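Residue strings, one per chain:
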Amino acid sequence: VEDGAAATQRIAAALAERGQFGMIIEIWRAHIEQKPDDAQARFLLAVAYYESGNVATAIKELEATKTAIPSAAAQADQFIEQMRAPGKGK
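Visitor: Could you give me a rundown of the side chain of threonine 65, with the residues and numbers involved?
Guide: Counting through the fold element by element, threonine 65 comes out in helix α4 (residues 55–68). Under the relative-accessibility criterion, threonine 65 is labelled buried at 0%. Apart from residues lying up to four places away in sequence, threonine 65 is in contact with Arg42, Phe43 and Ala72.

Here it is in structure tokens:
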């Protein structure tokens, strides 16, 4: 887990089905440390934070994504808007 080697969409989906968002967060944080330019991984991490009820950290991760990967800013802004929408908060 520490090196992010377990970071795959299939594993994330399986963990999400079991509500194991803490494990998803741990795996994807490690992956991002190894590959900080992986926008999809950053989005998945933000969603895991959001689904675990930590909206503020999810938005913080998306803001960091915009800084680290400017080409992903528009998509990050869309996620932020959705997370802040009334009735959408966890």
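Now that the structure is up, let's keep going.
Visitor: If you had to explain the packing of helix α2 (residues 21–34) against helix α3 (residues 39–51) to someone new, which residues and values would you point to?
Guide: For the pair α2 and α3, the least separation of the axes is 9 Å and the interaxial angle reads 155°. Looking at the two axes, α2 sits roughly antiparallel to α3. Considering how the two elements wind past one another, α2 and α3 form a crossing that is left-handed. Along the contact surface, α2 presents Phe21, Ile24, Ile25, Trp28, Arg29, His31 and Ile32, while α3 presents Ala41, Arg42, Leu44, Leu45, Ala48, Tyr49 and Glu51. When grouped by side-chain class, the residues that make up the contact of α2 with α3 number 10 nonpolar, one polar and three charged.

About the thresholds
- Residues numbered from 1 in each chain as written.
- Predicted model: local features only at pLDDT ≥ 70, side-chain atom pairs only at ≥ 80, totals over all residues.
- Heavy atoms only, no water.
- Helix = DSSP H or I, 4+ residues; strand = E, 2+ residues; numbered from the N terminus.
- Buried < 20%, exposed > 50% of the residue type's maximum accessible area, 1.4 Å probe, protein only.
- Contact = heavy atoms within 4.5 Å.
- Axes fitted to C-alpha atoms, helices over the stretch in contact; angles between N-to-C directions.
- Parallel < 35°, antiparallel > 145°, perpendicular 65-115°, else oblique.
- Left-handed = near helix turned anticlockwise from the far one by under 90°.
- Nonpolar A, V, L, I, M, F, W, Y, C, P; charged D, E, K, R; others polar.

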